[in-house]
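Residue-level listing of the chains:
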Amino acid sequence: MDLPLVVGVDGSEPSLRAVDWAADEAALRGVPLRLVYASLWERYEGDSLAEDLTDDLDGRTGQVTAEAVVRVAARRAALRHPDVEVSTDVLPEEPESALVREGRNACALVLGHRGRSGLVEMLLGSVGLSVAAHADCPVIVLRGGHDNRVRAGVHGRVVVGVGDKGTDSAALRFAVREARLRGATLEAVRAWRCPAHETTDHPLLVGEPARLHELQAAETLERALEDVPAELELRRRTAEGPARGVLLAASHEADLLVVGARRTPGHIGLQLGRVAHAVLHHAACPVAVVPERP
């Protein structure tokens, strides 16, 4: 049985746009869609209620029930893709722990981008950051102008950051599947840097210190991509600079940016790394954070 694609909804406009995006993704994958509202409270009390829910406001309290939130989300998904199987659930608990648990039986988790206040609205909220740091499945956070970005023809490109995992990279495998589903080009990016203080007797560094690092990056990239299906349109790119800066720049021309996040058994803190943390906060397109095992 296919694992569902799980979407966290909370009554905000970003979460309903996430439902739209996830319905498209579920249709592409041919999997069920599961809509989950997780909160310790029975009513939505946020300050950015989606327009679709204004008819469900309680005239006395000015709030909407959790059941109304998932009902509206399910109706929106059904209108967008009638053939996708949709289920809903209301979980009276903290959203971080509930969504991480849901991810154990999901092909991926989808979350809308929602900052914590007007001052930091560009940053990802604490729920999204915590879920991306702890989930056992890929977590897709819909940054940027993400409406309909799942469809081919916007940029036609999936970008993946290639680290040191080589062909064993879960992030690379995920990016390959996503590019194939979309009929998109896969752009594999390897960042490199030449330390300013570096000294060495290697002949390639005489008069051109950066050349060796660039060659090493290209070799690492080539090894990582050796098992990518030949029929997939593939673009290889090395770029000088910090990985987070290189990937943020690439996100402006991507439909999806894929990065890996190492998971260490027994570690209870955030498990994201600086690159994943940066792109979750600042990328110009949806970001998929894929757990990488040691």
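Residues numbered from 1 in each chain as written. Predicted model: local features only at pLDDT ≥ 70, side-chain atom pairs only at ≥ 80, totals over all residues. Heavy atoms only, no water.

Spatially, β5-β2-β1-β6-β7-β12-β11-β8-β9-β10 is the arrangement adopted by the 10 strands of the open sheet, whose pairing is mixed. Only two strands of the sheet have a single partner each, and these edge strands are β5 (86-91) and β10 (234-240). Averaged over neighbouring strand pairs, the angle between their axes works out to 25° when direction is ignored. (Pairing = 2+ DSSP bridges. Helix = DSSP H or I, 4+ residues; strand = E, 2+ residues; numbered from the N terminus. Axes fitted to C-alpha atoms, helices over the stretch in contact; angles between N-to-C directions.)

So, about the packing of helix α3 (residues 95-102) against helix α4 (residues 126-134). Direction vectors running N to C along α3 and α4 enclose 35°, while the axes themselves pass 9 Å from each other. Between α3 and α4 the crossing geometry is right-handed. Note on element contacts: α4 touches α3 through S126, V127, S130, V131 and H134, opposite P95, E96, L99 and V100. A per-class count over the contact of α3 with α4 returns 5 nonpolar, 3 polar and 1 charged. (Left-handed = near helix turned anticlockwise from the far one by under 90°. Contact = heavy atoms within 4.5 Å. Nonpolar A, V, L, I, M, F, W, Y, C, P; charged D, E, K, R; others polar.)

Put simply, the protein has an average pLDDT of 81, and 76% of its residues get 70 or more. Low pLDDT, under 50, characterises residues 146-152; the predicted model gives this stretch 23 contacts beyond four residues in sequence or across chains. (pLDDT = per-residue confidence, 0-100.)

With that out of the way, let us pick up the side chain of T220. With respect to the helices and strands, T220 occurs in helix α6 (residues 210-224). One polar contact links T220 to R223, side chain to side chain, over a distance of 3.4 Å. Every residue in contact with T220, bar those within four places of it in the chain, is listed here: G163 and R190. (Polar contact = N/O pair within 3.5 Å; in protein donor to acceptor, adjacent residues only side chain to side chain.)

This part is about the pattern of salt bridges. For the structure shown, the criterion picks out 20 salt bridges. Between R34 and D89 there is a salt bridge whose closest N-O contact spans 3.1 Å. Pair noted here: R34 is in strand β2 (residues 33-38) and D89 is in strand β5, with a separation of 55 residues, a long-range link. Of the residues examined, R34 reaches a relative accessible area of 18% and is grouped as buried. D89 gets classed as partly exposed once you look at its relative accessible area, which sits at 28%. One salt bridge in this structure joins R237 and E187, with 2.9 Å as the shortest N-O distance. With R237 in strand β10 and E187 in strand β9 (residues 185-192), the pair connects residues that are 50 residues apart, well separated along the chain. Residue class for R237 comes out partly exposed when judged on its relative accessible area of 23%. The structure contains a network of salt bridges with shared partners spanning R157, E187, R235, R237 and E253. (Salt bridge = Lys/Arg side-chain N within 4 Å of Asp/Glu carboxyl O. Buried < 20%, exposed > 50% of the residue type's maximum accessible area, 1.4 Å probe, protein only.)

Taking every second residue as pointing to the same face, both faces of strand β7 (residues 139-142) are buried, with V139 and V141 on one and I140 and L142 on the other. Across 4 bridges, strand β6 (residues 108-112) lies against β7 in parallel orientation. Looking at the pairing, V110 lines up with I140 of β7. Looking at chain direction, β7 and strand β12 (residues 287-292) are connected through 3 bridges and run antiparallel.

Turning our attention to the state of the cysteines. Within this structure, the stated rule accounts for 0 disulfides. No disulfide involves C137; its sulfur sits 7.6 Å from that of C107, the nearest cysteine. Judged by its relative accessible area of 4%, C137 falls in the buried class. (Disulfide = S-S within 2.5 Å.)

Turning next to the nonpolar core. L5, V7, L33, V110, I140, L186 and V258 are the most contacted members of the largest nonpolar core, which has 50 residues in total. Sequence-distant contacts of I140, that is, excluding residues within four places in its chain, are made with W21, A108, L109, V110, L111, F174, L256, P286, V287 and A288. Among the nonpolar cores identified, the runner-up in size contains 37 residues, and V139, L280, A283 and V289 belong to it. (Core = buried A, V, L, I, M, F, W, Y, C linked by side-chain atoms within 4.5 Å.)

A few words on α4. Those residues of α4 not exposed but buried are G128, L129, S130, V131, A132 and A133. Structurally, α4 contributes buried residues whose contacts are with α3, β6, β7, α8 (274-282) and β12.

Turning our eyes to something else, we now look at the pairing of strand β8 (residues 157-161). Regular strands show a simple pattern: their side chains alternate between the two faces of the sheet. Within β8, 5 of the 5 residues are buried, leaving the element largely enclosed by the surrounding structure. Alternating positions in β8 separate into two faces, R157, V159 and G161 on one and V158 and V160 on the other, with burial throughout. Here β8 pairs with β9 via 5 bridges, running parallel. Counterpart to V159 in the pairing with β9 is E187. Each parallel crossover has a hand, and for β8 linked through helix α5 (residues 170-182) to β9 it is right-handed. Both β8 and strand β11 (residues 256-262) contribute to a ladder of 3 bridges, which runs parallel. Residue pairing for β11: V158 is matched across the bridge by L256. (Right-handed = clockwise from strand over helix to strand, strands pointing away.)

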